[in-house]
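One letter stands for each residue in the lines below.
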Amino acid sequence: MMFVNLNKKNKTRKTFRRVWVLLMVMIIALGLPSIFIFIGLKSTISHGKALVAAYQEQKFDNLRKELVSTKNGLEQTNIALNFLFWLRILPFIGGYYADARGFAGAGVEELKALEKILISLEPAKLELGFDGNQKSGPERVTQVIRILQKSLPQLDEVETNFKKAKELVENIDTGKYPGILDLAKNFIIGAAVAVDEGRDALIAAPLALGDPVPKEYLLLFQNDKEIRPTGGFITAFATLKINKGQVETTTSDDIYRLDERLLATCQSKICPLTPPAPIVKYLPEVSGKPRSAWSMRDSNISPDLPTSALEFERIFKLLGSGLPFDGIIYIDSQVVEELIEVTGPIDVFGTTYSGETDKRCNCPNVIYELESYAEIAAKGEQDRKAVLGVLMQQILAKALGADVEKLPQLIETIARLANHKHIMFYMHDQNTQSALSKLNWTGEIKDFEGDYLHINDSNFAGGKSNLYVEQKVVQEITVKNNQVIKKITIEYKNPQPFGVWLNGINRDYVRFYVPKGSKLISGKGADEPFNTIEDLDKTVFETFLTIRPQNSRKIELEYEIPYFPKEKYELLIQKQPGAKDFEYVIKLNGSTKADFKLDQDKQFKFDL
């Protein structure tokens, strides 16, 4: 009996020792790295705040010191995370662990690159304005231009760091995290793109921002809620004079004022303003008669932005003042909406513009107010005020005067809007235009050797119904017997009730740009038969349909393309500027290959 009790006690002691050893292993394996992670993060956050303060105070030595300390804290965090490598095999937790390592490693690479840049800038710190005196928002912009000019020779040296950072975060799904991580990911990827594909744009930036010679640009506001080929109906314009990055003067008015001047000018001389066929056919006068003259507000009929910009300038020159600007910047209401979300509400002429939901349209307040102004402008009321220029000036002033902590969000927002074709550029300086084209910020219809698709909708006198109309596009591709047959199905839906001026019948002139030489097999579901034309070195299938409020329509198009793939099926889809991020589905030989939101141009390579 005594032997049995001793045996039990020995077993209990062994079990206790095993538990104790396991506990100690867990403390060492999890507890100690966690302590160092906490210490590292605490140091990173503390010195990161000091880094921002050093920049605000314009103290270069402190800036460099705090940058090094921030980097050291993040490196300590990253090293400690490496000791938790065993977490990656655990379900659920492993994914979060991998993401944490990715962001920490990327942060270290970004800070290493910035450290190299600061070392190179140290001899010129006084020349760059680091004099211990805080700078205003516009002064900071001028300083950033100078820093950029001095940093350009270092791009080769830091490119590797930025590329490593991009590789560490590009596959992280930030949808499961707070928005700040999505911002961080986009900013990290954007930095890598800037020093690689965007290097020419960085080189051209100082000149484009008015250094050493001031520049003047025409800002055209395209109303994407009334979609047109390059992004929306041209509603208003503004002029921006930029000197060393600072916006010195702005003037603005609605586009109808320009067209009124054009009409007055053309009453005394012959103006070549014969409208193109689609406008004659689908955009009649208010009286119902076919339109006999072309105006600036309807000049963007080509989906290729440079082509439409040239047409706008041709008509503008009929006013007799030449081209008193160095290029055109196109923006839509999405730009105003997202910038106001960064800056906060803005008051113009007694009206507050904000990102809050407005019950009158079930849309952001800024959208409702802009649409309301567009309606006033369209009616030609004499007391209408030039809202756009003042609003943009207020947004720019508030953005440039924002806290330094908001600058990454502002930069990321502008770059994302350009990537998604809500901001586009047409510059007269060919080097600048070419640099922006490499970033796909110039709205061209591209050449492509494989399969190609661009769907372009034009709302011809259908109110602001694109605020509510949704689309789903399904591409069914069949590769068989040295032949490629495609079937495109688009389902249009407008779930909202009729509104007097906001939501009406959408009168949609739709064009499918496909590889040149494609042959129409069949088309159905539209109000008119599909017609085949050629444009921009593409075959184009065009038709017309109407989508009523609280209704839906479906159209189908089937055609053969003169492309036969070998090992991979290559496809480029170009997004229409200003369009919502519509859902796309791609099926190849009956198998679904992709299901995504088309938020920017996308290129695919599918296995056959």
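Scroll up to find the structure this text is about.
Residues numbered from 1 in each chain as written. Predicted model: local features only at pLDDT ≥ 70, side-chain atom pairs only at ≥ 80, totals over all residues. Heavy atoms only, no water.

S.K.: Can you walk me through the packing of helix α2 (residues 60-82) against helix α3 (residues 93-121) in this structure?
M.R.: A pair of packed helices is characterised by two quantities: the angle between their axes and the separation of those axes. Relative orientation of the contacting elements α2 and α3 amounts to 155°, with a least axis distance of 9 Å. It follows that α2 is roughly antiparallel to α3 by the angle criterion. Where α2 crosses over α3, the two elements pack in a sense that is left-handed. (Axes fitted to C-alpha atoms, helices over the stretch in contact; angles between N-to-C directions. Helix = DSSP H or I, 4+ residues; strand = E, 2+ residues; numbered from the N terminus. Parallel < 35°, antiparallel > 145°, perpendicular 65-115°, else oblique. Left-handed = near helix turned anticlockwise from the far one by under 90°.)

S.K.: Would you take a moment to explain the state of the cysteines for this structure?
M.R.: Simply put, the disulfide is a covalent bond whose two ends are the sulfur atoms of two cysteines. Following the criterion strictly, the structure yields 2 disulfides and no others. Bridging C266 to C271, the disulfide has an S-S length of 2.0 Å. Residues C266 and C271 are joined through a disulfide that is left-handed, its torsion about the S-S bond being -100°. Covalently, C361 is tied to C363 through a disulfide, its sulfur atoms 1.8 Å apart. Since a negative S-S torsion denotes a left-handed disulfide, the C361-C363 link at about -90° is left-handed. (Disulfide = S-S within 2.5 Å.)

S.K.: Would you take a moment to explain the sheet that holds strand β21 (residues 602-607) for this structure?
M.R.: The strands making up a sheet associate through hydrogen bonds between their backbones, and the pairing can be parallel or antiparallel. An order of β15-β16-β13-β10-β18-β21 is seen for the 6 strands of this open sheet, with the pairing classed as mixed. With partners counted over all chains shown, the strands left at the sheet margins are β15 (531-535) and β21, one partner each. Each strand of the sheet is rotated relative to its neighbour by a mean of 25°, with strand direction disregarded. Bridge analysis of strand β10 (residues 451-459) against strand β18 (residues 568-574) gives 4 bridges, and the strand direction is parallel. (Pairing = 2+ DSSP bridges.)

S.K.: What is the right way to read the packing of aromatic side chains from this model?
M.R.: To describe a pair of aromatic rings, one takes the distance between the centres and the angle between the planes. One pass over the structure, following the stated rule, counts 15 aromatic pairs. Connected via pairs of aromatic rings, a cluster forms that spans Y282, F460, Y509 and F544. Here the basic side chain of K538 rests over the ring of Y452, its NZ or CZ set 4.5 Å away from the ring centre. (Phe/Tyr/Trp six-rings, centres within 6.5 Å; stacked < 30°, edge-to-face > 60°. Lys NZ or Arg CZ within 6 Å of the ring centre and 35° of its normal.)

S.K.: Is there a simple way to think about the environment of K605 in this case?
M.R.: Tracing the chain through its elements places K605 in strand β21. It is 14 Å that separates the C-alpha atoms of K605 and V479, two residues lying 126 residues apart in sequence. When sequence neighbours within four positions are dropped, the list of residues in contact with K605 reads Y569 and E570. (Contact = heavy atoms within 4.5 Å.)

S.K.: Explanation requested: the packing of helix α4 (residues 137-151) against helix α7 (residues 199-208) in the structure shown.
M.R.: Contact geometry of α4 with α7 gives a least axis separation of 10 Å together with a crossing angle of 140°. Put simply, α4 runs oblique to α7. Of the two elements, α4 crosses α7, and the hand of that crossing is left-handed. Packed against α4, whose contacting residues are I145, L148 and Q149, the element α7 presents L202, A205 and P206 at the interface. Residue composition of the contact of α4 with α7, by class: 5 nonpolar, 1 polar and no charged. (Nonpolar A, V, L, I, M, F, W, Y, C, P; charged D, E, K, R; others polar.)

The values reported here are purely geometric and, on their own, carry no functional implication.
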